[in-house]
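# Structural characterization, general
Each chain, written out:
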Amino acid sequence: MTRTEVASASDHHFGLLDKERIIAPADYNRWLVPPAALAIHLCIGMAYGFSVFWLPLGRAVGVAQGLDKALPCPGDATTFWGKVAITGHALFATDCDWTQFDLGWMFTLFFVLLGTSAAIWGGWLERAGPRKAGAVAALCWGGGLLISAVGVYIHQLWLMWLGSGIIGGIGLGLGYISPVSTLIKWFPDRRGMATGMAIMGFGGGAMIGSPLATILMKYFATPTSVGVWETFVVMGLIYFVFMMGGAFGYRLPPTGWKPKGWTPPASAKAMITTGHVHLNDAHKTTQFWLIWAVLCLNVSAGIGIIGAASPMLQETFGGRLFGDPTVGFANFTDEQKAKAALVGAAFVGLFSLFNIAGRFFWASLSDTIGRKMTYYAFFVLGFACYVAAPTLATLGMLGLFAAAFCLIASMYGGGFATIPAYLADIFGTQFVGAIHGRLITAWSAAGIIGPVIVNYMHDSRKAEGIAPHQIYHPIFYVLAGLLVAGFICNLLIRPLADKWFMKPEDVEALQTKSARDRAMHAVEIRAREDTHPGIRLLQPIGLLLIAVAVVWWITFYTKVGGIGGAWECLVYSTGPCLDTIAKAEAAGSFAYRPFLMWIGIALWLAGIVLSPRRLEVAPIAWFAVGLPLLWGIWITVDKALVLFA
């Protein structure tokens, strides 16, 4: 019986979600796997953007009663325990509004559950496979939003916590680690770049979800409703469909598969092992806990500042943000507060962009310079940025100050994207997904350490009467100290001793559990050579131009009064479109024109006709995830331009 016959005979015994069902054929295009991972990460990344719901939810009861203000729950809000008591009352109350303190616990639930669920079910993921884990993540995240919608509709805070916080948090953990092991196996030649592409999506999720949620809430809002529960329903369904598409896009490489033209290095690098450590032994090594500390300290130094980015900039620079250095933050008028908030929002947008870009840039760079050297760069450059920040602030150098923190944001994101490849280098690839799941508990710890340091020091210094522009100076030095500790931990990481690695026969037994694997084991399988690389670029370039045209069109017509009734303008200009364009150009706006759409369609169709494979699926998959990502980047850049106005 041939290998193909063995594979066909064995496949029908497996369920639709089973790991054995998703073994790819030898000529499978590995570039179909990263967009599947991005589809899941772009959805769960909305966890970063949940604060967009806080203000409308904070006045939902008041609005329902026709009031223009919130109805606070009774209690003493001047002390911490008083706030806790108010939250306890708000969990079940239907006659008073929730505060930011009440809702903010959602973030704690998100990231605590992300870390714990990844650690608990990481081993199950390795056994069950990424498709099943991705499907469960879609059910938890999408279903959690639907439960939250019920909680908002009947005004029960505990249902919000249960739906998005606990059930959604479990979906976060499973969705976050679901593609790690798979991508590393598909890209043994570019481990960092592969995981960077996927984890980049988690950083970009809020950049898409936040403006989408704002648009939906505005659409569903009525005089007696803030439109949040309807938004949860729509987004929950969208996310479920998108994540299921990603889960069903996962494929595993056959045993023995290698990229075309790639051979493992003849002389292995000291920090990249060729062996495999069992999941049950990884946490027993010193290296695991050193890497845990490296991630925890890098994230702690960044996450507290990310949460306080906008107020930090406003308090530190005061009137310099709008050209009046004589005005301090404490003396802002309402008009000046609005101007400063606009600049602060632009700074947060830039922060998000560099967070995303850093995930791909630093992870890809780590393939060249090594993971350990990449983390050295994080700690040295981050230390320099934090130490220089007080001086830059004192001198009023807003541009350099913003640049320093954008670099910090890039290294914050880069730390997340580089760590899976670091683990694969040290512990091997067999259990890297599950090991990564356990290591993510460092993120949960950092989510407490970083904000506590920043917020406690900020509030304490403010209570002491320290001037706003000087409040953050010692905070920067403390965060720099965390990076020094991280540098030392990274310095101590060494290759593992041979005793920790599994025996070759044990690894083979794990990798050849099915008839299909046994039939293909020990056969070197390489991807098919691309004989028409130039022609095959036509389809992705064409779809890229189409995506740019769609995003440009949506952005333009949203600005000039909505996209309703203007669909034909996407492809050709009618009379009403020309009138809108003329008015926009008269006001100094760069109006949308459909020529880019036609060029994109022409290139895409030419690629289909000329390619020997005809319609390529990979560019379409990238188009599906790239379009919303491009839209989010476009909106963020547009907002950030105010910094350079």
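Residues numbered from 1 in each chain as written. Predicted model: local features only at pLDDT ≥ 70, side-chain atom pairs only at ≥ 80, totals over all residues. Heavy atoms only, no water.

### Quick notes on the overall build of the protein
How we decide: Here a strand is any run of E in DSSP of at least two residues, a helix any run of H or I of at least four, and the numbering for each starts at the N terminus. Radius of gyration: over C-alpha atoms. The globule rule applied is 2.2 Å multiplied by the number of residues raised to the 0.38 power. Only protein chains enter the accessibility calculation, which uses a 1.4 Å probe; a residue whose area is less than 20% of its type maximum is buried, one above 50% is exposed, and one in between is partly exposed. Contacts are assigned to residue pairs that have any heavy atoms within 4.5 Å of one another. Accessibility throughout is a Shrake-Rupley quantity obtained with a 1.4 Å probe, and a residue counts as covered only by protein chains that appear here. Asp and Glu count as negative and Lys and Arg as positive, but His and the ends of the chain are not part of the count. A charge is said to be at NZ when it belongs to Lys, at CZ for Arg, at CG for Asp and at CD for Glu.
When helices and strands are counted, the protein shows 27 helices and two strands. What you see for the protein is a C-alpha radius of gyration of 26 Å, in line with the 26 Å of a compact globule of 645 residues. For the protein, the spread of C-alpha atoms along the three principal axes comes to 80 × 65 × 50 Å. Within the protein, the proportion of its 645 residues that are buried is 52%. Within the protein, contacts between residues separated by at least 24 positions form 82% of all contacts whose residues are at least 6 apart in sequence. A total accessible area of about 27400 Å² is found for the protein, and carbon and sulfur atoms account for 67% of it. Positive and negative side-chain charges of the protein, numbering 43 and 35 respectively, have mean locations separated by a distance of 5 Å.

### Re the state of the cysteines
For clarity, the threshold we go by: Note that a disulfide, as used here, is simply two cysteine sulfur atoms within 2.5 Å.
Applying the stated criterion to the full structure yields one disulfide. The disulfide bridge from Cys73 ends at Cys96, spanning 1.9 Å between sulfur atoms. What sets the handedness of the Cys73 and Cys96 disulfide is the S-S torsion sign, and at about 75° it is right-handed. Residue Cys73 is located in the loop between helix 4 (60-64) and helix 5 (80-90), and its partner Cys96 is located in the loop between helix 5 and helix 6 (100-128); the two are separated by 23 residues in the primary sequence. The burial state of Cys73 is the same as that of Cys96; both residues are buried. Left unpaired, Cys43 is separated from the closest cysteine sulfur, that of Cys140, by 14 Å. With no disulfide of its own, Cys489 lies closest to Cys296 among cysteine sulfurs, the gap being 9.5 Å.

### Let's talk about the packing of aromatic side chains
Short version of the rule: In this analysis, rings of Phe, Tyr and Trp, with Trp reduced to its six-membered ring, are considered paired at centre separations within 6.5 Å, and the interplanar angle assigns stacked below 30 degrees, edge-to-face beyond 60, and tilted for intermediate values.
Inspection of every chain in the model, using the stated rule, returns 44 aromatic pairs. With a centroid separation of 5.2 Å and an interplanar angle of 80°, the aromatic rings of Trp362 and Phe378 are classed as edge-to-face. With Trp362 in helix 15 (residues 334-369) and Phe378 in helix 16 (residues 371-394), the pair connects residues that are 16 residues apart, well separated along the chain.

### So, the packing of helix 13 (residues 286-307) against helix 19 (residues 441-463)
Selection criterion: The angle between two axes is taken between their N-to-C directions and runs from 0 to 180 degrees, where each axis is a line fitted to C-alpha atoms and a helix contributes only its stretch in contact. For classification purposes, an angle smaller than 35 degrees is called roughly parallel, one larger than 145 roughly antiparallel, one from 65 to 115 roughly perpendicular, and anything else oblique. A clockwise turn of the near helix away from the far one marks a right-handed crossing, whereas an anticlockwise turn of less than a right angle marks a left-handed crossing. Note on residue classes: Ala, Val, Leu, Ile, Met, Phe, Trp, Tyr, Cys and Pro are nonpolar, Asp, Glu, Lys and Arg are charged, and everything else, Gly too, is polar.
Following both chains from N to C, one finds helix 13 and helix 19 inclined at 40°, their axes separated by 7 Å at the closest point. Between helix 13 and helix 19, the crossing angle belongs to the class labelled oblique. As helix 13 packs across helix 19, the resulting crossing turns out to be right-handed. Note on element contacts: helix 19 touches helix 13 through Thr441, Ala442, Trp443, Ala445, Ala446, Gly447, Ile449, Gly450, Pro451 and Val454, opposite Trp292, Leu295, Cys296, Val299, Ser300, Ile303, Gly304 and Ile305. In the contact of helix 13 with helix 19, the residues fall into 13 nonpolar, five polar and no charged.

### Thoughts on helix 17 (residues 398-427)
Keep this limit in mind: Helices are assigned an expected span. That span is 1.5 Å times one less than the residue count. Fitting axes to the seven residues ending at a residue and to the seven starting there, one defines the bend at that residue as the angle between these axes.
With 30 residues, helix 17 ought to run about 44 Å at 1.5 Å a step, and its terminal C-alpha atoms sit 43 Å apart, in line with that. Largest kink in helix 17: about 35°, centred on Thr418, with the proline Pro420 one to four residues after it. Along helix 17, 25 of the 30 residues are buried, which leaves the element largely enclosed by surrounding structure. The first or second residue beyond helix 17 is Gly428, which carries a positive phi of 85°.

### Some words on the side chain of Ser178
Where we set the bar: As used in this structure description, the phrase polar contact means that two N or O atoms lie within 3.5 Å; if the pair is within protein, one of them must be able to donate a hydrogen and the other to accept it, and residues adjacent in sequence are counted only when both atoms belong to side chains.
Here Ser178 is to be found in the loop between helix 8 (157-177) and helix 9 (180-186). Residue classification places Ser178 among the buried residues on the basis of a relative accessible area of 1%. Only 3.0 Å separates the side chain of Ser178 from the backbone oxygen of Gly175, close enough to count as a polar contact. Leaving out residues up to four positions away in the same chain, Ser178 has contacts with Ile40, Leu125, Pro130, Ala133, Gly134 and Tyr250.

### Section: the confidence of the model for the protein
In plain terms, the rule: For every residue, the predictor assigns a confidence score, pLDDT, that lies between 0 and 100.
Looking at the protein as a whole, the pLDDT averages 85, with 91% of positions reaching at least 70. Predicted confidence is poor over residues 1-10, with pLDDT under 50, and the contacts of this stretch with residues over four places away or in other chains come to ten contacts. Within the model, the stretch residues 518-523 combines pLDDT values under 50 with 15 contacts to residues more than four positions away or in other chains.

### Observations regarding the pattern of salt bridges
Heads up, the condition is: Should a side-chain nitrogen of Lys or Arg be within 4 Å of a carboxyl oxygen of Asp or Glu, the pair is scored as a salt bridge.
As enumerated under the stated definition, the model contains eight salt bridges in all. Here Lys132 and Asp18 are joined by a salt bridge, their closest N and O atoms 3.3 Å apart. Remark: Asp18 occurs in the loop between helix 1 (3-11) and helix 2 (33-44) and Lys132 occurs in helix 7 (residues 130-153); sequence separation between them is 114 residues. For Lys132, a relative accessible area of 24% corresponds to the partly exposed category. On the accessibility criterion, Asp18 (22% relative accessible area) is partly exposed. For Asp425, the salt bridge identified is with Arg191, shortest N-O distance 2.8 Å.

### Thoughts on a nonpolar patch on the surface
This is how it is decided: In this scheme, patches are assembled from residues that exceed 30% relative accessible area and form no salt bridge. Like charges are connected within 9 Å, while nonpolar side chains (Val, Leu, Ile, Met, Phe, Trp, Tyr) are connected within 5 Å.
Together, Phe383, Val387, Tyr477, Val484, Ile488 and Leu492 make up an exposed nonpolar region whose accessible area comes to about 510 Å². At the level of secondary structure, the elements contributing two or more residues to the nonpolar patch comprise helix 16 and helix 20 (473-492). With four residues, the single largest contributor to the nonpolar patch is helix 20. Relative to the helices and strands, Val387 resides in helix 16.

### Focus: unusual backbone geometry
Located in the positive-phi region is His155, a residue other than glycine, with phi close to 55°. Looking at the secondary structure, you find His155 in the loop between helix 7 and helix 8. For His155, a relative accessible area of 7% puts it in the buried group.

### With respect to the nonpolar core
How we decide: The nonpolar core is taken to be a set of buried Ala, Val, Leu, Ile, Met, Phe, Trp, Tyr and Cys residues, with the residues joined through side-chain atoms within 4.5 Å.
Among the nonpolar cores identified, the biggest contains 152 residues, and Phe53, Trp141, Phe405 and Trp443 are the most heavily contacted of them. The residues touching Trp141, leaving out its near neighbours within four places in the chain, are Cys43, Ile44, Met46, Ala47, Phe50, Phe110, Ser164, Gly168, Gly171, Leu172, Tyr239 and Met243. Within the second largest apolar cluster, 17 residues are counted, among which are Val550, Trp553, Cys577 and Ile581.

### What to know about helix 6
Here helix 6 contains 29 residues, and its C-alpha end-to-end distance of 39 Å stays within 8% of the 42 Å for a straight helix at 1.5 Å per residue. In the structure, helix 6 departs most strongly from a straight axis at Trp121, where the bend amounts to approximately 50°.

### Here's the deal with the environment of Gly275
Note on placement: Gly275 falls in the loop between strand 1 (257-258) and helix 12 (279-282). Taking the C-alpha atoms as reference points, Gly275 and Phe427, separated by 152 residues in sequence, lie 7.3 Å from one another. Ignoring any residue separated from it by four or fewer positions in sequence, one finds Gly275 in contact with Phe427, Gly428 and Phe501.

### Notes on the environment of Pro420
For Pro420, the position within the fold is in helix 17. In sequence terms Pro420 and Ala363 are 57 residues apart; their C-alpha atoms lie 9.5 Å from each other. Ignoring sequence-local partners within four residues, the contact set of Pro420 consists of Val180, Ile184, Thr195, Ile199, Val432 and His436.

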